[in-house]
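So you can see what is in the structure, the chains are spelled out below.
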Amino acid sequence: MSATLPPEVRAAADAGLASIDAARRELFGLRLERWWPDLRDGVEAIYPGEAGRVLLVDLVGAAARAYAVRDPDLHRLDQERTLAPDWFQQPRMLGYAAYTERFAGDLRGVRESVDYLRDLGVTYLHLMPLLRPRDGDNDGGYAVADYRTVRPDLGTMDDLRALATDLRRVGISLVLDLVLNHVAREHEWAQRARAGEQRYREYFHLFPDRSVPDAYERTLWEVFPDFAPGSFTWDDDIQGWVWTTFHAYQWDLDWSNPAVLAELVDVVLFLANQGVEVFRLDAIAFLWKRMGTSCQNQPEVHAITQAMRAVARIACPAVVFKAEAIVGPADLVQYLGTGAHHGKVSDLAYHNGLMVHVWSMLASKDATLAAHALRALPPIPSSTAWVTYVRCHDDIGWAIGDEDAAAAGLGGYLHRHFLSDWYAGSFPGSDARGLVFQHNAATGDRRISGTAASLVGLETARATGDGVDAAIDRLLLAHAVVLGWGGVPVLWSGDELGLPNDPVWDQEDGHADDNRWAHRPRLDPAVVARLDDPSSIEARVYGGLRHLARVRATLPHLHAAVASEVLAPDDPGVLTIVRRHPLGPMVAAYNVTGDWRPFPGARLRAIGLDGSRDALTGTQTDLGADDALWLAPWRAVWLI
């Protein structure tokens, strides 16, 4: 091992590697030397002095111990990913996200459903929180009581490891949530804090009275103003106030304590050795608290992520991190790395802005605002990728800035108000059937719940028998936009079948106060069986999405390292994106209206696509006498 490493770090590594052969010890040493600067710089940025030096020794020791016991199959995967570090950027990537119990009952049911996922083209499976949460209300599983145990109704850690093995053998990466900001009040750390153990009291933000919490509250933003107002909760056992950003039963961790980072790194290494390949870093924007700020997007968050990622690169480089940072465009790119953290933090991040603008375009039938806002987004490191999506487990918040709206000739408040009305089905002419979630009377903010099918009008069309074709076209168009962006497109469970809102969402225990359960329907085997009837709505939607995924997998232009360049609209009803690959350019054009719309032939020739063909249909581009490519209503073309 390099002499440039501190002696105590070399000693910690040697102690952890004592049980393995010389060749594997050498490989660990090479990785440690490669990633040591990132690890050291990340730790020292937040924990200077002796605390940082001690932590570095602890982290390297933990990495060595995890590496030494890593399964040979996972060790081979590490080698493969080291040779192909862009594996998650490839056009073959297609994600699927689901609650285990609502998709297949339990982990064994998921193992029995692998063929269903493979047929769809899935290479990335995100199972929503399945580590053991607190009993009762648990924020959909995000109030974790034990990071090392699976929910008993879903299976065991052995079942999770077996599922990960099955998935890995067919080329599907397992994705799990890692809740970083908080733990459940019932977690061992919180229980020991409540019992008076000083070490664990220091894991949390505890206050004897309201003076400090009140000072923080002046600049904090409420996440759930309807049913969890405020960010602090009195606890009788603590005899003090606990920081609880989300719910009273979720205690925020104090990341200024280096022991917290050490604990969570150990969790990452444990789960990586069970076969988890992607960690969704939940609520990552909230980790660091600073008086006088919103306590979101603080710079220390990126140093923390850099340190965690460096440990993973040393011990288990098959693993990548995904930032769950639902923040404004100016802050979002930082989670993929800017400045000193360029390419050193999360490998993936959610493109929340693209999702919002897809829905904005479908409602307004105008791409002007989307084109402006998406063009303004800074470039991301070429070694990273966006996670794109039409829907997810969460509500839709209308993250549209006033400045972007003004640039498109709109009022930000009024446009957000319109979108809420449209998707709640209260705007004249709307056939959407969404539900208002968390109406903030002070700001007028209204978020929306609903499946993709219900929001595009397919639920209404099913009921009336009118407009089914157009609703399916809108649903496929929305997905074409996110599959044609690059990165990792993720389908939300049920959207591949065009499932409507769950009509009995509020009848399950603990769900009545949270209408997001409306867009988390269970996959009924009888509904899945309709795929055998090619004329069914389910088969038409599933077949359309499978076709998009299969075409996407053939197009090198959609490698995530190739940037999406959004063009100023020639027609306000058409969103146009260019991807300039060394093999040649690709133009993706999306008609977001119910009318035929032209795309000028002169624009195609200027890009270098005269004589192009549409990869989605395999047909040559046909420019009419007016020198225009006419796009059918709600249609996408991928021209190469």
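Here, every reference points to the structure presented above.
So, here's what we can say about the structure. (Residues numbered from 1 in each chain as written. Predicted model: local features only at pLDDT ≥ 70, side-chain atom pairs only at ≥ 80, totals over all residues. Heavy atoms only, no water.)

**Some words on the environment of arginine 546**
And then number 1: Within the secondary structure, arginine 546 sits in helix 23 (residues 537-553).
And then number 2: Judged by its relative accessible area of 24%, arginine 546 falls in the partly exposed class.
And then number 3: When the C-alpha positions of arginine 546 and glycine 121 are compared, they lie 6.6 Å apart, and in sequence the two are 425 residues distant.
And then number 4: Once you skip the residues sitting within four places of it in the chain, arginine 546 turns out to touch Asp119 and Leu120. (Helix = DSSP H or I, 4+ residues; strand = E, 2+ residues; numbered from the N terminus. Buried < 20%, exposed > 50% of the residue type's maximum accessible area, 1.4 Å probe, protein only. Contact = heavy atoms within 4.5 Å.)

**A look at the packing of helix 3 (residues 50-68) against helix 13 (residues 300-315)**
And then number 1: Where helix 3 contacts helix 13, the two axes come as close as 9 Å, and the packing angle between them is 35°. Every pair of crossing elements has a handedness; the one defined by helix 3 and helix 13 is right-handed. For the pair formed by helix 3 and helix 13, the contact residues are Leu59, Ala63 and Tyr67 on the first element and Val311, Ile314 and Ala315 on the second.
And then number 2: Taken together, the residues of the contact of helix 3 with helix 13 sort by class into six nonpolar, no polar and no charged. (Axes fitted to C-alpha atoms, helices over the stretch in contact; angles between N-to-C directions. Left-handed = near helix turned anticlockwise from the far one by under 90°. Nonpolar A, V, L, I, M, F, W, Y, C, P; charged D, E, K, R; others polar.)

**Re the side chain of histidine 511**
And then number 1: Mapped onto the fold, histidine 511 is located in the loop between strand 17 (488-492) and helix 22 (525-528).
And then number 2: On the basis of relative accessible area, histidine 511 is assigned to the buried category, the value being 9%.
And then number 3: Sequence-distant contacts of histidine 511, defined by excluding residues within four places in its chain, comprise Arg102, Trp505, Asp506 and Trp517.

**Remarks on the sheet that holds strand 7 (residues 206-207)**
And then number 1: An order of 7-9-8 is seen for the three strands of this open sheet, with the pairing classed as antiparallel. Strands with a single pairing partner mark the edges of an open sheet, and in this sheet they are strand 7 and strand 8 (232-235). (Pairing = 2+ DSSP bridges.)

**A few points about helix 18 (residues 412-424)**
And then number 1: The first and last C-alpha atoms of helix 18 sit 18 Å apart over 13 residues, in line with the 18 Å expected at 1.5 Å per residue.
And then number 2: Of the residues making up helix 18, those classed as buried are Gly412, His415, Phe418, Leu419, Ser420, Asp421, Trp422 and Tyr423.
And then number 3: Of the surrounding secondary structure, the elements contacted by the buried residues of helix 18 are helix 15 (352-364), helix 16 (368-375), helix 17 (402-407), strand 16 (445-449) and helix 19 (452-456).
And then number 4: With its phi angle positive at about 80°, glycine 425 sits one or two positions after the end of helix 18. (Expected span 1.5 Å × (residues − 1).)

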